[in-house]
Amino acid sequence: MPFLEKCAVGTKFHQRLTELYDYPKYSCPYKRGNKYFYFYNKGLQNQDVLYMQDSLQGEARVFFDPNRLSEDGTVALKMARLSEQCECFAYGLSGSGSDWVTVKFMTVADQKELPDTLERVKFSCLSWTHDDRGVFYNCYPRQEGKADGTETTTNLNQKLFYHVIGTSQSEDILVAEFPDHPKWHSSATVSDDGRYVLLSITEGCEPVNRLWYCDLQQLSGGITGILPWVKLIDNFEAQYSYVTNEGSAFTFRTNLLAPRYRLINIDLQSPDPSLWTTLIPEHEKDVLGFVACVNYSFLLVNYLHDVKDVLQLHQLRTGEFLRTLPLAVGTVVGVSSRKKHADFFYQFNSFTTPGIIYHCDLTSETPEPTVFRQVEVKGFDPSDYQTVQVFYPSRDGTKVPMFLVHATGITLDSSHPVFLYGYGGFEASIQPYYNVAYLLFVRHLGGILAVANIRGGGEYGQTWHKGGCLGNKQNGFDDFQCAAEYLIHEKYTTASKLAINGASNGGLLVAACVNQRPELFGCGIAKVGVMDMLKFHKFTIGHAWTTDYGCSDNEEEFHWLIKYSPLHNLPLSSSPAPPYPAMLLLTGDHDDRVVPLHSLKYTATLQHCVGRRPGQRQPLLIRIDTKSGHGAGKPTAKAIQEEAHIFSFIAETLGLSWRD
């Protein structure tokens, strides 16, 4: 795009971003059989590479390198599952950022590719039975037209199959389908002991599910057809996530009567709800996050405390708290543990910490996590930056948390440009995370990063989520606008130096807020946003989002949506509304999650209604990336180019200059 290519700081930003992005990136190691595996990126490789080693100290060998599959890095590894005995590797590949996945198989010992290929896979589980014989997976029926990520056809009638290694997909065994409920999705999990397969069924994105199970030991002839599912929970009243089991006694994480979640035990032999017991009760303030069983008798328990992670050890048998594990202010971005393994790994990062992996061995007398691997970035000094958390009032008085990252010792004189990020949907919590582009904005453009944890997310559990979805969606927009007002009032910035950003549901957030308060912002960056709130449910997987937004087919919900739908709330060209801030929309031609038509229609209407007004001076642009999707699996080169374009646009439109 000529405008982006001509931005004054573009070349310097891209060059410096490339330099600081070039640092080693590791995942937590995980053990399968007698081997260890981990993902590693030297720095600028387009896709992370999977390595294998015989021991934690042994030589690491390349096991699977997605970079060999395409010259431009647009073929990504989306799924990776090693079988229980580590005999076979199942992996899913996606092209050009699409959600469609092709699953293939490879032997572990000699890395020989098998002929087995699974097509039409999307939003799928990939679960091995413990005999290494095959995997459970989900796929969709064939449809007319294309299925490469550029189509808009609705995704319906997902089915669950079992694939036996060494057979054709046409021979796969259908084990679950829901012909009367075409919008249902399912996911199969094989229990820690390999005896049971649990089926979680959802309809939409609300954190509720049905939970069925099948005792595989009772199948005398093996898996041959639709499984005899026992419907343990057959309603959509709460969420139940499998943690572990001891025989027929199962432990689940649930939000049943617990908006901040708790752990419960259910015995399949005595399944009446009156006999369910609480293992770890709901915390009075903090949200119970992930829970993992390790070394047979311990639970690794995560809590979210004011948007910061806490990690604890508990007894599995009693739920008793044992200790809190060392963790700075930030986020646990990875955990590697299994019930049958005595040790575990966890990975931490923050706004200024690129990655620390800890290792803890529970067989020692006084188990203490030690630093297994720590990443340092050349040319980056964390002491140059300061991270603070503030709580500001929203329109209705609700206190909303917000992280601020800025140069150490700044003066609050309204002179600083601000990059304000938000999401606010689907119970997703936006926690501290390391982003090189954000730090460059602070260091070289004199900026401040602000991350507002608005309602609609999961920062304080379901209550926070429900406070910003469906008929309460405006609360999230108010929270975001009040974040901007706080930053201005407290003399961090002024409206003309305030850029706002969000992606997907956050793209909707940016566009809705600009429509409602154009004078409050200097620049809006909306990535892959949901812009047409009256028709989103008609395209690909959009119908699943009605649990967060509502649906225009319902009269009451139509009136919620029409009030803020970005496409339908742009001012007429003849209206006296104030001029719009600079706007940059971003989408990808293979985005089959939030299809490009959302951004295309909004941009066309924006340029027609706002761009023609005499007082509109700032640019209203859209950046359409090719061979690109919603974001997952994006190659490093494309990610760097996109971030450079975004911050070059911000610098150009806000009048910022480069600082060495």
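Presented here is an overview of the structure given in this document. Model, not experiment: these values are computed from the prediction.

A separate point is the overall build of the protein chain. Assigned secondary structure in the protein chain consists of 10 helices and 36 strands. Here the protein chain has a C-alpha radius of gyration of 25 Å; the compact-globule value for 660 residues is 26 Å, and the two agree. Total accessible area on the protein chain is roughly 26200 Å²; 49% of this is exposed by carbon and sulfur atoms. In the protein chain, the 59 positive side-chain charges and the 71 negative ones have mean positions that sit 5 Å from each other.

The next subject is the packing of aromatic side chains. The geometry of an aromatic ring pair is captured by the separation of the ring centres together with the interplanar angle, meaning the angle of the planes. Taken as a whole and assessed by the stated rule, the structure comprises 46 aromatic pairs. Pairing tyrosine 30 with phenylalanine 37 gives two aromatic rings, centres 6.0 Å apart and planes at 25°, and the pair type is stacked. For tyrosine 30, a relative accessible area of 16% translates into the label buried. A centroid spacing of 5.2 Å and a plane angle of 80° characterise the contact between tyrosine 196 and phenylalanine 250, whose relative ring orientation is edge-to-face. Remark: phenylalanine 250 occurs in strand E18 (residues 249–254) and tyrosine 196 occurs in strand E14 (residues 196–202); sequence separation between them is 54 residues. For phenylalanine 250, a relative accessible area of 1% corresponds to the buried category. The structure contains a cluster of three or more aromatic residues connected by ring pairs, namely Phe13, Phe351, Phe403, Phe419, Tyr433, Tyr438, Phe441, Phe647 and Trp658. Between lysine 25 and the ring centre of tyrosine 23, over which it is positioned, the NZ or CZ distance is 3.9 Å. Above the plane of the ring of tyrosine 261 lies arginine 253, whose end atom (NZ or CZ) is 3.8 Å from the centre.

This part takes up the packing of helix H2 (residues 10–21) against helix H10 (residues 636–654). Taken N-terminus to C-terminus, the directions of H2 and H10 make an angle of 140°; their axes are 9 Å apart at the nearest point. If you check the angle between H2 and H10, you find them oblique. For the element pair H2 and H10, the recorded crossing hand is right-handed. Of the residues in H10, those touching H2 at Gly10, Phe13, His14, Leu17, Thr18 and Tyr21 are Thr636, Ile640, Gln641, Glu643, Ala644, Phe647 and Ser648. Class assignment of the residues belonging to the contact of H2 with H10 gives a composition of six nonpolar, six polar and one charged.

This part takes up the nonpolar core. If you look at the biggest cluster of nonpolar residues, it comprises 104 residues, and the most contacted ones within it are Met402, Leu420, Leu487, Tyr549 and Ile650. Broken down by element, this core gets its largest block of residues, eight residues, from H10. Beyond its immediate chain neighbours, meaning those up to four positions away, leucine 420 contacts Met402, Ala450, Ala452, Phe480, Ala483, Ala484, Leu487, Leu498, Ala499, Ile500 and Asn501. Counting residues in hydrophobic clusters, the runner-up holds 22 residues, among them Tyr162, Ile173, Val175 and Val197.

Our focus in this paragraph is unusual backbone geometry. Of note, the phi angle at aspartate 132 is positive, near 65°, even though the residue is not glycine. Tracing the backbone shows aspartate 132 in the loop between strand E9 (113–128) and strand E10 (134–139). For glutamate 427, which is not a glycine, the phi torsion comes out positive at approximately 60°. By the element assignment, glutamate 427 lies in the loop between strand E31 (418–421) and helix H3 (436–444).

Right, let's talk about the pairing of strand E11 (residues 159–164) for a bit. For E11, the tally of buried residues reaches five of six residues, placing the bulk of the element in the interior. Taken together, the six bridges between E10 and E11 define a ladder with antiparallel strand orientation. Its bridge partner being in E11, valine 135 is matched across the sheet by histidine 163. Sheet topology note: the E11/strand E12 (residues 173–176) ladder contains three bridges and is antiparallel. The residue of E12 that forms the bridge with leucine 160 is alanine 176.

Moving on, we come to the side chain of histidine 163. With respect to the helices and strands, the residue histidine 163 is situated in strand E11. Note on histidine 163: relative accessible area 0%, which makes it buried.

Okay, the pairing of strand E26 (residues 343–350) next. The element E26 is largely enclosed, with a buried count of eight among its eight residues. Burial along E26 is two-sided: the residues Asp343, Phe345, Gln347 and Asn349 and Phe344, Tyr346, Phe348 and Ser350 are all buried. In this antiparallel pair of consecutive strands, strand E25 (residues 331–336) and E26, the connection spans six residues. Pairing analysis gives seven bridges linking E26 to strand E27 (residues 353–361), with the strands arranged antiparallel. When the bridges of E27 are listed, phenylalanine 348 appears paired with isoleucine 356. Taking the residues between adjacent antiparallel strands as the criterion, E26 and E27 are bridged by two residues.

A few words on the packing of helix H5 (residues 473–489) against helix H6 (residues 505–516). The interhelical angle for the contact between H5 and H6, taken along N-to-C directions, is 70°, at an axis separation of 10 Å. One finds that H5 runs roughly perpendicular with respect to H6. Only Asn505, Leu508, Leu509, Ala512, Cys513 and Gln516 of H6 make contact with H5, whose side of the interface consists of Lys473, Gln474, Gly476, Phe477, Phe480 and Gln481. Broken down by class, the residue content of the contact of H5 with H6 amounts to six nonpolar, five polar and one charged.

What counts and how
- Think of each chain on its own: its residues are numbered from 1, step by step along the sequence as written.
- Local features are withheld for residues below a pLDDT of 70 in this predicted model, meaning they are given only at 70 or higher, and side-chain atom pairs are given and counted only at 80 or more; totals for whole chains, interfaces and linings count all residues.
- To obtain the side-chain values, all non-hydrogen atoms of the structure were used and water was disregarded.
- Runs of E in the DSSP output that reach at least two residues are strands. Runs of H or I that reach at least four are helices, and both are numbered from the N terminus.
- Atoms considered for the radius of gyration are the C-alpha atoms alone. The globule rule reads 2.2 Å times the number of residues to the power 0.38.
- Methods summary: accessible areas were calculated by the Shrake-Rupley approach with a probe of 1.4 Å, and residue burial reflects only the protein chains presented.
- Asp and Glu are treated as the negative residues and Lys and Arg as the positive ones, with His and the ends of the chain left uncounted.
- To locate a charge, take atom NZ for lysine, CZ for arginine, CG for aspartate or CD for glutamate.
- Only the six-membered ring of Trp is used, alongside the rings of Phe and Tyr, when aromatic pairs are assigned; centres must lie within 6.5 Å, and planes under 30 degrees apart are stacked while those over 60 apart are edge-to-face, with the rest tilted.
- Buried means the residue's accessible area, taken with a 1.4 Å probe over protein chains only, is under 20% of the maximum for its type, while exposed means over 50%, and partly exposed covers the values in between.
- In this scheme, the term charge over a ring applies when either NZ of a lysine or CZ of an arginine sits within 6 Å of the ring centre and within 35 degrees of the ring normal.
- Note on geometry: axes are lines fitted to C-alpha atoms, helical ones only across the stretch in contact, with angles between N-to-C directions running from 0 to 180 degrees.
- When an angle is under 35 degrees it counts as roughly parallel; over 145 it counts as roughly antiparallel; between 65 and 115 it counts as roughly perpendicular; any other value is oblique.
- Two helices that cross are described as forming a left-handed crossing if the nearer one is turned anticlockwise from the farther one by less than a right angle, and a right-handed crossing if clockwise.
- By definition in these notes, contact holds between two residues if any of their heavy atoms fall within 4.5 Å.
- Residue classes follow a fixed rule: Ala, Val, Leu, Ile, Met, Phe, Trp, Tyr, Cys and Pro count as nonpolar, while Asp, Glu, Lys and Arg count as charged, and any other residue, Gly among them, counts as polar.
- Working definition of a nonpolar core: buried Ala, Val, Leu, Ile, Met, Phe, Trp, Tyr and Cys residues. They are joined through side-chain atoms within 4.5 Å.
- By this definition, two strands are paired if DSSP reports at least two bridges between them.

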